[in-house]
Amino acid sequence: MSTATLTEPRMGTRHAPATPSRRPTSTRPAARPTTTHAKPVEDGKGTAPFVLLIMVLLTGGLVATLWLSTAAAADSYRLDEARQVARDLSEQSERLHRDVEAAQSAPALAAAARAQGMVPAGEPAVLLVAPDGSTQVIGDPRPAQPIAPPVTPPAPPAAPASTSTGAQAATGAQAATDGQPAPAPAGAAAAEDQLVAVPDATPDVDAADSETSPDSAATADDTAPVTP
Amino acid sequence: MPRTAATLSRPPSRAPGVRGPGGRRPSPPPPPPRGPARRPAPRPPDPRRRLRVGRVILVAVLVLCTVKLVEVQGLRAGELSGDAARQRTTKLVVPAERGAILDRYGTPLAFSVEAKALVANPRRITEDWNDPAIRSRPGAPTPDQRKSDIALGMGRLLGLDPGPIFGSLMADRSYVVLAPLVDPGAARQVREAFPEIAEEDRESRQYPAGDVAATVVGSASWNMDRAKIRGSIGLESALDSTLAGTDGFRVVDTAEGSDAVIPGTTRAELPAQAGRDVVLTLDTDLQYAVEQRLRDYTTRVGARSGSAVVLDAHTGQVLSMANSGSFNPAAPGAAGAQLSNPSVTSPFEPGSVNKVVTMAAALEAGLARPEDVLEVPGNIRVADRTISDAWSHGMIRMTLNGVLGRSSNVGTLMTAQRVGPERFASMLEALGIGRRTGVELPGESPGSVPAREDWSGSTFGNLPIGQGLSMTTLQMASMYQAVANDGVRVPPRVVEAEVGADGVRTPAPAPQGVRAMSPDTARTLRDMLQSVTQNGRGADRGTGPQAAIPGYPVAGKTGTAQQVDTGCGCYSQSDYWITFAGMFPAQDPRYVVALMLDRPPGGDSAAPLFHEIGAYLAQHGAVPVSTAPPRQVPLTLP
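Note that the structure is predicted; figures quoted are calculated from it, not measured.

Asker: Let's hear about the overall build of chain A: which residues, and what values?
Answerer: Along chain A, the regular secondary structure elements total 10 helices and 2 strands. Listed by position from the N terminus, the elements making up chain A come as α-α-α-α-α-β-β-α-α-α-α-α. Per-residue burial over chain A gives 15% buried out of 228 residues. Sequence separation of 24 or more characterises 60% of the internal contacts of chain A that already satisfy a separation of 6 or more.

Asker: Give a description of the interface of chain B and chain A that names residues and reports values.
Answerer: Between chain B and chain A, the residue contacts involve 25 residues of the former and 22 residues of the latter. Those elements giving two or more residues to the side of chain B that touches chain A turn out to be β3 (108–120), α10 (184–193), α14 (284–301) and α23 (607–620) of chain B. The dominant element in the side of chain B that touches chain A, judged by the number of residues it contributes, is α14 of chain B, at 7 residues. In the side of chain B that touches chain A, the residues fall into 10 nonpolar, 10 polar and 5 charged.

Asker: Report on the pairing of strand β13 (residues 373–376) of chain B, specifying residues and quantitative values.
Answerer: Residues and elements named next belong to chain B. Side-chain alternation along β13 places L374 and V376 on a buried face and V373 and E375 on a face that remains uncovered. As paired elements, β13 and strand β16 (residues 396–399) share 4 bridges and run antiparallel to each other. Bridged to V376 within β16 is I396.

Asker: An account of helix α8 (residues 143–158) of chain B is requested, with residue identities and associated values reported.
Answerer: All names here are of chain B. In this model α8 runs 22 Å from its N-terminal to its C-terminal C-alpha over 16 residues, within 8% of the 22 Å that 1.5 Å per residue would give. Those residues of α8 lying buried are K147, I150, A151 and M154. Along α8, the residues classed as buried sweep out an arc of 95° about the axis, all on the same side. Looking at α8, the residues exposed on the side facing more than 90 degrees away from the buried face are Q145 and R156.

Asker: Residue-level account of the sheet that holds strand β23 (residues 591–598) of chain B, with values.
Answerer: All names here are of chain B. Pairing is antiparallel across the open sheet formed by 5 strands, whose spatial order is β12-β11-β23-β22-β21. Since the sheet does not close on itself, it has two edges, and those belong to β12 (318–323) and β21 (555–565), each with one partner. The mean angle between the axes of side-by-side strands here comes to 10°, regardless of whether they run parallel or antiparallel. Sitting on the sheet, helix α21 (residues 473–484) is in contact with β11 (305–312), β22 (570–584) and β23, with an inclination near 150° to β23.

Asker: Let's hear about the confidence of the model for chain A: which residues, and what values?
Answerer: Any segment with low pLDDT has predicted coordinates that should not be analysed in fine detail. All names here are of chain A. Of all residues in chain A, 44% attain a pLDDT of 70 or more, and the chain-wide mean is 62. Within chain A, the lowest mean pLDDT, 35, falls on helix α8 (residues 183–201), and the highest, 92, falls on helix α5 (residues 106–115). Predicted confidence for residues 1–41 stays below pLDDT 50, and this span has 25 contacts to residues more than four positions away or in other chains. Every residue in residues 150–228 is under pLDDT 50, and counting partners more than four places away or in other chains gives 87 contacts.

Rules used throughout
- Residues numbered from 1 in each chain as written.
- Chains lettered and ligands numbered in written order.
- Predicted model: local features only at pLDDT ≥ 70, side-chain atom pairs only at ≥ 80, totals over all residues.
- Helix = DSSP H or I, 4+ residues; strand = E, 2+ residues; numbered from the N terminus.
- Buried ≥ 20, exposed ≤ 12 C-beta atoms within 10 Å, placed from the backbone.
- Contact = placed C-beta atoms within 7 Å.
- Nonpolar A, V, L, I, M, F, W, Y, C, P; charged D, E, K, R; others polar.
- Pairing = 2+ DSSP bridges.
- Expected span 1.5 Å × (residues − 1).
- Arc of directions from axis to C-beta.
- Axes fitted to C-alpha atoms, helices over the stretch in contact; angles between N-to-C directions.
- pLDDT = per-residue confidence, 0-100.

Okay, here's the thing in structure tokens:
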């Protein structure tokens, strides 16, 4: 490029006399007519578009650079935001996973069921249907034993429980609803105490083994389902 | 450059100008007298000399630079670049996530979640106050105010009691942990609210089932020294290397004085290898049910402790292993926590449960049949000791069924004497007594059996009735598993498989089964064991009819063993180990259950507990009922 600018003026000086009409286009040559009088003539013709082109290119480049860097910066903000959201979501999913596992574990389910007044089902009897249609009951069907009430009000439910099974079911059901708020604040320790308290209030479980009580237990079956 | 060009060009223009000085010469003489003395001095020095001096200086500087360059780039290159790398390069540990512990159906018993520890430097907070710039700021809180702000704010954000946090902050220390395990989101909130608080990576171990199976699974907690979560109890400890995985690392450049990683500077990276998940043979629901029933029953009969083991009859897998005591794995240090697993660590004398060894040996050798009738006296003399039955009787006629079903010591010892000590000892060994089962649990006890050469005359009067030797609840279960599995004892295992981070499941190596008796012997023995739960009249009633489950024939054996009274060094007359081992359905057993109760004051049988657990198992495992009437055989003949 530098060689071009060096050679052009020389050519210009040579052609200058031939094209004097162009001289007025530039004012600068007038100041130093002897040395560079001819230079702007050809400059005006060959350099201006070139300079313009360079300027456009430079400006375009600058704008493009600015635009790209702004876009990159904006993208990096968006990326950062997206990363944050992803992190929050993964943390949330981990937290939920943990909560779900805790809530569906056997002790948590048992505690939740107890809080709703549910009781363990006990031993089921099996109804066996023979090919000829006759049925056979295997086992000893009994209503589920209500969980004994918390230790605090022990006297009233304990006394009728030993005298009548029907009354026991009634008081037990009542106790279960009464006891409903109790497990929540008392926590697992209290809940375990409750379970421990079962045998005390249900002495007929042991009595059933002595082979005399199944009949009375069977009668209890008929009466008990009515009470709840 | 233009200036140098000018100075360079000027001398030539003046050099020819000899006329210049010549032109000036006439004027100096008239001015003051001091003029002529000084005028020659300001005369411009010889530019060529100046040029030379400049050149020399430039060359000297260049030489110096070169020397330094050689020194830095050549002589000390390694040392310096090493220093630079040290200053800049940081090796970051990429923590490996610890594997989970799952039950046989994939229910997690232990798993890890990411957590943060919030730490602070209380001394720094106090020192900041000494900075005049901070102190002079209007409304700037004093260190104590700031600390109480932090404590209250953290208490609010994390739902903690601010008291202990404030206490830690007031300590004159440079490092305090304010909250050990905090949810990452909450930790970020705290850090944004209080820049003085820093966070550290932690891993929080979750035990969703709480104390269920805790004595088997154990507990793992953060180890400060190793900066890693480490198992300290139970399987978490025994399988630590499998669960832990391998930490990876990442070599990066960091900005000096901070942990900020310069992007794109990762030089080396070794990804962390997550720990392997361990799948246990336990069934969490069954485990919960067995634990509840065991704890209930232990409390009901007032026993000091109890343990229960449920095995799969064919594979020997441990489906449930319960102890009356347990602990919360999230806080193993709490009061009343029982960390050990007595089902495998604490041997006891089994009592009459061990009579099955004599019977198996007698049947296997063809020396006896279940219907054989024995003339059983009230007591029997073995060496220097006289052993009698649990109930007093004169000479009675009992079948071998009756000897087992009514648990006659005398009848068993009569049979044992026909079997002989050699056959008895080898049957004991085949049933795995006196040897560790090899279960994966830590601290397993082998129990104890006196070495054959140390047997005295009375030893063979003790062992057949289950005194003078000890076994764990697991060994007891394994012994009956051999009977249940047609004579092949499969050593019990609690780990079913390992699952790698890639999801590939590797089953644990299957233990080698040991044939203890022929299938015929095992079948006959199962029939005989049903006599125990036989609910006949008077003398035809076994010792454990309470264990019977309607619809399921139960084969089992009750046991009562006297404990050693440390006071007199003799067998106690009041403290007993109460045992029960059994299986059902008797024809083709699916489950083997072994129970032990330590010192129930009333000497209650463990048979009702077997009934409770068995009834749950039958329902839980959907075991088909049997329509056959309960087996009734004569135990005592008139």
